[in-house]
Amino acid sequence: EGEKCLHRLNGFFAFAIYDKEDESLFLARDRFGVKPLLYSLDEDKLLFASEMKALFVFGFPRELDYEALHLYLQLNYVPAPLTVFKSVRNLLPGHWMKANGRQVTVEKYYELPRPNTAADKSLSYESAQTRLTELLEAAVQRRLIADVPVGAFLSGGIDSSVIVALAARHTPHLNTFSIGYRDEPFFDETRYANLVAKMHNTNHTVFSLSNDDLLDNLYDMLDYTDEPFADSSALAVYILSKRVRKHVTVALSGDGADEIFAGYNKHAAEYRVQQGGLANQAVAALKPLWDALPKSRNSAFGNKIRQLQKFAEITKMSPAERYWRLATLASAAEASRLAPPAPEGGAFKPPVSEGIGGGGGFGAFLRADVELVLPNDMLTKVDRASMAVSLEARVPLLDHRLVEIGLGLPARFTLGQRGKAVLRELCARRVGADHARLPK
């Protein structure tokens, strides 16, 4: 069926097919960018690979891409189609490429449905919950199919707990794995993971790490990073994958839930800005106070001050500016102090965010996250860390049918009283009400 075969696939992939009859090469990447596909094209050759170092042996020009560097300093990762080198590009998720002689064509084969605030106002919460539960259970069951040992990451949070609860129904004695931080109790959630494992009778293993363990694995992790990438949790995922691989070959992961079901604090902030009100005005008016107080992600108080300061800042921005500020850790001005300004009219196009706050409603914000943050940060992190040790990490929540329904839900179904309302409801039924109320 040619390139139409892609519509029949449900899962992750990056592949190449060479047709020796017409000497053409067909390359394709999965819908959401779970798997990477890098390429380098010049006058006489097309190189492609799943990691940068595989291309290094061909000696392509290693000229720094200053647009990529500038974006990296804002985002803490390099967004596709850019890489840190001008001569190497990332095929975007949901795209295919065909090379026939010197003619190269790139086309999009998959696009997320556009959010529509007017659609399905009659949809009940109960029917949405039922449909999502059916799809998620089917997605988990499908991804348990393997001829090698299968396990699951179990952080203790809502996403992985729901995946484990569903998987345990379809496989006896599921292997589950958690990572704990004995030197950093603020970040340790293993007590919640242990409760879930006991409830569902899994073969549970906890890896308790010290700060020395993190340092001991840092340089090994950097060997697989290939270009600047500053999501520090990549180190923990690498150590977890390394230890899990001694027990199983495939592991289920809960990635994707936050982007699809509005699980981040920035989603609650965006929704609150769209709603307006006196409380917003009060937080904005107190910005000088938030600026003066100490801020840190490493304590509940410091993190709350950090959030209030950022919220006060975004209330005065346009929807598109607001999305970019919430997606970045540094401003363009701050990045320019460290590197030359990015060139005008570069190759990177920000995700569709013009619908945010307008006709696209809250769904436009989530859609932008699925196009930017999910493939370039979260999925890149897990793929590099797991593939470094030959562990296959499968993501049931990124079954495209589930994503499409999840992104089409009204904000009251996803945010509710707290983020990921529909997923919390499922967690309450399958794991327990107390567990479903856990904070991010």
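Please refer to the structure placed before this passage.
Small disclaimer: the values here were computed from a predicted structure and weren't measured.

Draft legend 1. Molecular detail of the packing of aromatic side chains. Taken as a whole, this structure holds 11 aromatic pairs when the rule is applied. Aromatic side chains Phe56 and Phe60 sit 5.8 Å apart centroid to centroid with 40 degrees between the ring planes, which places their arrangement in the tilted category. For Phe60, a relative accessible area of 8% corresponds to the buried category. Ring centres 5.0 Å apart and planes at 80 degrees place the aromatic pair Tyr323 and Phe365 in the edge-to-face group. Of this pair, Tyr323 sits in helix H13 (residues 319-327) while Phe365 sits in helix H15 (residues 361-371), placing them 42 residues apart in sequence. With respect to burial, Tyr323 and Phe365 carry one shared label: buried. Of the aromatic side chains, those joined through ring pairs into one cluster are Phe13, Phe15, Phe26 and Trp96. It is Arg31 that lies over the ring of Tyr110; its NZ or CZ is 5.4 Å from the centre. One Lys or Arg, Lys35, reaches over the ring of Phe12 and ends 5.1 Å from the middle of that ring.

Draft legend 2. Representation of the pattern of salt bridges within the structure. Taken as a whole, this structure holds 27 salt bridges when the rule is applied. Of the charged contacts in the structure, one is a salt bridge between Lys86 and Glu63, with a shortest N-O distance of 3.3 Å. Here the residue Lys86 occupies a position in the loop between helix H2 (66-75) and strand E5 (89-90), and Glu63 occupies one in the loop between helix H1 (53-56) and H2, the gap between them amounting to 23 residues. Residue Lys86 is classed as partly exposed on the basis of its relative accessible area of 43%. Glu63 gets classed as partly exposed once you look at its relative accessible area, which sits at 45%. Linking Asp399 and Arg143 is a salt bridge whose minimum nitrogen-to-oxygen distance equals 3.5 Å. Highlighted residues: Asp399 in the loop between strand E12 (392-394) and helix H17 (400-407) and Arg143 in the loop between helix H3 (125-142) and strand E8 (150-153), separated in sequence by 256 residues. Neither residue differs from the other here; Asp399 and Arg143 are each classed as buried.

Draft legend 3. Summary view of the pairing of E8. In E8, alternate side chains face the same way, and those of Val150 and Ala152 on one face and Gly151 and Phe153 on the other are all buried. Direction of pairing for E8 relative to strand E9 (residues 175-181): parallel, over a ladder of 3 bridges. Bridge pairing in E9 places Gly151 opposite Asn175. The parallel pair E8 and E9, bridged by helix H4 (residues 158-167), forms a crossover whose chirality is right-handed.

Draft legend 4. Expanded view of helix H5 (residues 190-199). Those residues of H5 that sit buried are Thr190, Ala193, Val196 and Ala197. The buried residues of H5 occupy an angular sector of 120 degrees when the element is viewed end-on, so they sit on one face. Opposite its buried face, H5 presents the exposed residues Leu195 and Lys198, each directed more than 90 degrees away. Buried residues along H5 sit against H4, E9, strand E10 (203-209) and helix H20 (433-436).

Draft legend 5. Seen up close, unusual backbone geometry. The step from Ala80 to Pro81 runs through a cis peptide bond, and the omega angle for that step is 10 degrees. The phi dihedral of Ser390 is positive, around 60 degrees, even though this residue is not glycine. Within the secondary structure layout, Ser390 lies in the loop between helix H16 (373-387) and E12. Relative accessible area serves as the criterion here: at 47%, Ser390 is assigned to the partly exposed category.

Draft legend 6. Just the sheet that holds strand E4 (residues 46-49), in detail. Here 3 strands make up an open sheet; going across it, the order is E4-E3-E5 and the pairing antiparallel. Edge positions in the open sheet fall to E4 and E5, since each of these has one partner strand only. Pairing between strand E3 (residues 38-41) and E4: 4 bridges, direction antiparallel. Considered in E4, the bridge of Leu41 is made with Leu46.

Draft legend 7. Representation of the sheet that holds strand E6 (residues 95-100). Read from one edge of the open sheet, 4 strands run E1-E2-E6-E7, paired in antiparallel fashion. At either margin of the open sheet sits one strand with a lone partner, and together these are strand E1 (14-19) and strand E7 (103-108). Looking at each pair of strands side by side, their axes are set apart by 15 degrees on average, direction ignored. Two elements, E1 and strand E2 (residues 24-29), share 6 bridges in a ladder whose sense is antiparallel. When the sheet's bridge partners are listed, Phe15 is paired in E2 with Ala28.

Draft legend 8. Broad picture of the packing of helix H9 (residues 265-275) against helix H12 (residues 300-314). Interaxial distance between H9 and H12 falls to 11 Å at its minimum, and their mutual angle equals 40 degrees. Classified by the interaxial angle, the pair formed by H9 and H12 is oblique. The element H9 and its partner H12 pack so that their crossing is right-handed. Contacts from Asn265, Ala269, Arg272 and Val273 of H9 reach H12 at Gln307, Phe311 and Ile314.

Draft legend 9. The packing of H3 against H4, seen in detail. Packing of H3 against H4 brings their axes to within 9 Å, and their N-to-C directions diverge by 70 degrees. Classified by the interaxial angle, the pair formed by H3 and H4 is roughly perpendicular. Each of Leu136, Glu137 and Val140 in H3 lies in contact with H4, whose residues at this interface are Val162, Ile163, Leu166 and Ala167. Of the residues that constitute the contact of H3 with H4, the class distribution is 6 nonpolar, no polar and 1 charged.

Thresholds applied
Residues numbered from 1 in each chain as written. Predicted model: local features only at pLDDT ≥ 70, side-chain atom pairs only at ≥ 80, totals over all residues. Heavy atoms only, no water. Phe/Tyr/Trp six-rings, centres within 6.5 Å; stacked < 30°, edge-to-face > 60°. Buried < 20%, exposed > 50% of the residue type's maximum accessible area, 1.4 Å probe, protein only. Helix = DSSP H or I, 4+ residues; strand = E, 2+ residues; numbered from the N terminus. Lys NZ or Arg CZ within 6 Å of the ring centre and 35° of its normal. Salt bridge = Lys/Arg side-chain N within 4 Å of Asp/Glu carboxyl O. Pairing = 2+ DSSP bridges. Right-handed = clockwise from strand over helix to strand, strands pointing away. Arc of directions from axis to C-beta. Contact = heavy atoms within 4.5 Å. Axes fitted to C-alpha atoms, helices over the stretch in contact; angles between N-to-C directions. Parallel < 35°, antiparallel > 145°, perpendicular 65-115°, else oblique. Left-handed = near helix turned anticlockwise from the far one by under 90°. Nonpolar A, V, L, I, M, F, W, Y, C, P; charged D, E, K, R; others polar.

In short, shape yes, function no, at least from these values alone.
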